[in-house]
Amino acid sequence: MGKIRDPSLADSGRKKIEWAESRMPVLMRLRKSHSSEKTLSGVRIAGCLHVTKETAVLVETFKAAGAEVSWCGCNPLSTQDDVAAALDAAGVEIFAWRGLSPEEYYWCIEQTLKIGPKLTLDDGADLIFTVHTKHPEYLSHIEGGTEETTTGIHRIRSMAKEGKLRYPIVAVNDAETKSDFDNVYGTGQSAIDGVIRATNVLFAGKNVVISGFGHCGRGLASRARGLGANVIVTEVDPIKALKARMEGFEVMKMSEASRIGDIFISATGCKDVITKDHFAVMKDGAILANAGHFNVEVSVSDLENIARGSREIRPDNREYTLQDGRRLYLLAEGRLVNLAAAEGHPSEVMDMSFANQFLSILRLAKEGKNLKPDVYEIPRSQDEQVARLKLESMGISIDELTKEQQHYLSSWGEGT
Ligand SMILES: NC(=O)c1ccc[n+]([C@@H]2O[C@H](COP(=O)([O-])OP(=O)(O)OC[C@H]3O[C@@H](n4cnc5c(N)ncnc54)[C@H](O)[C@@H]3O)[C@@H](O)[C@H]2O)c1
């Protein structure tokens, strides 16, 4: 028996899942081919990943392929309660509701582990961390796991470097068909959607400050520009900063950007990117949002310490009044704005991410026990398979190399 907010929401959740299914052709195709063969028959999977309609399609694909699944969310604010209710009604063991306290959050992870997983699936590595630190008793059964996001991969690579990682992890995030699409177009669109839903502000004519010009930041910057904003990028990597400048964005330090920004969106995976020194010089009315995995990029504690009061002015939008009367607006408590204030990435892009998740879980179910504890990339052939299936679903054909071209590209004899 799982635990969710409200079973009566199941019907609304089921409709959302059906909508997502209609936009996830690659994953649905994999579901079709693996449900008849029951490729994952009897494989127990513990998953910790945002409970959205797209995740539901993944979970039900695992079930259709014969797996036993136990699930929880990977962020206290990202669970869609109606989707959780629909999964619960369909017999999935799920421990998730929106608005978890930190204690409830880890309680849900611990319940999920009780399935005794052979494989784990993570987004941010909190489940992997919990197994390694609090519940090593499960380690002897676990043969492998996957990780969905950049921050999780950073954490797991650090564990591997210190010799602390006890089972192999496939870095799903690093698949080209994941990070170059989900992080770029998914976060780019949905984080701006989150800011708009929480504020309904006009982007045109605003100074929008994007922190981090990696995968997510790149998508955010180009989409904010598309809405007519003047985009300013802050970075710590000189190459990324140069790329941002040559893309036509302004680049400056946060200490300068904080004086002129109207809307701030962080996407760095780093902590303390926007802090009290920056709040001290911001314009009245500035909006603060985060798209990075954890709520550490905008310092909420600094904001709380320097504010003389706060109130929720709209859903997912808290107005902080500073001593001098200026008001700053923090969206979704500084948590992933796209998942907390909107619905997360569009289904079309999660189609590719979750096709990679599904194929990586298939690989680990077969080979996991033979792999040493380490971080593994997904094979190029898998990336290409996902891209080809996606192109096919879009009705797009591409050219193929002729024998002569293949020979030319692999030889050094032909020049001027
Ligand atoms: N909101 C979502 O749904 C979603 C989706 C994918 C990834 N993420 C998360 O977003 C974050 C970024 O992911 P990514 O794939 O873009 O990573 P990335 O490594 O591609 O990019 C991060 C960029 O931030 C820069 N950076 C680091 N510290 C900085 C600082 N203090 N100030 C300014 N720039 C700084 C880095 O130099 C890098 O260019 C991660 O936490 C990731 O897990 C969120």
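Residues numbered from 1 in each chain as written. Predicted model: local features only at pLDDT ≥ 70, side-chain atom pairs only at ≥ 80, totals over all residues. Heavy atoms only, no water.

Considering all chains together, one arrives at 5 aromatic pairs under this definition. Considering the side-chain rings of Phe95 and Trp107, the 6.0 Å spacing of their centres and the 80 degrees angle between planes classify their relative orientation as edge-to-face. With a gap of 12 residues between them, Phe95 in strand β3 (residues 93–95) and Trp107 in helix α5 (residues 102–113) connect regions that are remote in the sequence. Judged by relative accessible area, Trp107 falls into the partly exposed class, the value being 35%. Look at Phe181 and Tyr185: their rings are 6.0 Å apart centre to centre, the planes differ by 45 degrees, and that puts the pair in the tilted class. Here Phe181 pairs with Tyr185, and both are found in helix α8 (residues 176–199), just 4 residues apart, close to one helical turn. The exposure class of Phe181 is partly exposed, given its relative accessible area of 31%. (Phe/Tyr/Trp six-rings, centres within 6.5 Å; stacked < 30°, edge-to-face > 60°. Helix = DSSP H or I, 4+ residues; strand = E, 2+ residues; numbered from the N terminus. Buried < 20%, exposed > 50% of the residue type's maximum accessible area, 1.4 Å probe, protein only.)

Before going further, it helps to examine the side chain of Asp383. Position of Asp383 relative to the elements: it lies in helix α16 (residues 380–393). Notably, Asp383 is buried but unbridged: the nearest opposite-charge side chain belongs to Arg380, and the N-O separation is 4.4 Å. A distance of 2.8 Å separates the side chain of Asp383 from the backbone nitrogen of Glu176, its partner in a polar contact. Here Asp383 is in contact with Ala175, Glu176, Thr177, Asn356 and Ile378, once residues within four sequence places are set aside. (Lys, Arg positive; Asp, Glu negative; His and termini not counted. Salt bridge = Lys/Arg side-chain N within 4 Å of Asp/Glu carboxyl O. Polar contact = N/O pair within 3.5 Å; in protein donor to acceptor, adjacent residues only side chain to side chain. Contact = heavy atoms within 4.5 Å.)

A few words now on the sheet that holds strand β5 (residues 144–147). Across a sheet, strands are paired by hydrogen bonds formed along the backbone, either parallel or antiparallel in direction. Ordered by their spatial adjacency, 7 strands build an open sheet running β3-β2-β1-β4-β5-β6-β15, and the pairing between neighbours is parallel. The open sheet has two edge strands, β3 and β15 (375–376), and neither has a second partner. Where strand β4 (residues 119–122) lies against β5, 4 bridges are found, and the strand directions are parallel. When the bridges of β5 are listed, Leu121 appears paired with Thr146. (Pairing = 2+ DSSP bridges.)

Quick look at the site of the ligand now. Of all residues adjacent to the ligand, which total 27 residues, the nearest are Thr149, Thr150, Thr151, His215 and Glu235. In this structure, Thr151 approaches the ligand through a side-chain N or O atom, which is 2.6 Å from an oxygen atom. Within the contact set of the ligand, a nitrogen atom lies 2.8 Å away from a backbone nitrogen or oxygen of Ala291. For the ligand, whose free accessible area comes to 860 Å², the fraction covered by protein is 88%. In this structure, the ligand is accommodated by the largest pocket. Breaking the shell around the ligand down by element, the ones donating at least two residues are α7 (150–161), α8, α9 (215–226) and α14 (337–340). Partitioning the shell around the ligand into residue classes produces 9 nonpolar, 15 polar and 3 charged. Summarising the domain contributions, the shell around the ligand has at least three residues from each of domain 1 (7–178 + 345–393) and domain 2 (185–340). (Near = heavy atom within 4 Å. Areas by Shrake-Rupley, 256 points an atom, 1.4 Å probe, with all protein chains shown as cover. 1 Å grid on protein atoms, 1.4 Å probe; cavity = no way out; pocket = protein on both sides within 12 Å on 5 of 7 lines; lining within 4 Å. Sits in = over half its atoms within 2 Å of the grid points. Nonpolar A, V, L, I, M, F, W, Y, C, P; charged D, E, K, R; others polar. Domains from an automatic or database assignment.)

On to the layout of surface pockets. Its volume calculated, the largest pocket comes out at about 900 Å³. If you trace the largest pocket, you find 49 residues lining it, with Thr150, Cys216, Ala267, Thr268 and Gly269 closest to the centre. Of the residues forming the lining of the largest pocket, the biggest block, 5 residues, is contributed by α8. Tallied by class, the residues present in the lining of the largest pocket amount to 14 nonpolar, 23 polar and 12 charged. There are two domains that each give the lining of the largest pocket at least three residues, and those are domain 1 (7–178 + 345–393) and domain 2 (185–340). Considered as a void within the structure, the second largest pocket measures approximately 500 Å³ in volume. (Points joined across faces, edges and corners; volume = space filled by probe spheres on them.)

The strand order β9-β8-β7-β10-β11-β14-β13-β12 describes an open sheet built from 8 strands, whose pairing is mixed. Edge positions in the open sheet fall to β9 (250–251) and β12 (307–314), since each of these has one partner strand only. Inspection of the sheet shows strand β11 (residues 287–290) paired to strand β14 (residues 327–331) by 2 bridges, in the parallel sense. Following the sheet pairing, Ile287 is matched in β14 by Tyr329.

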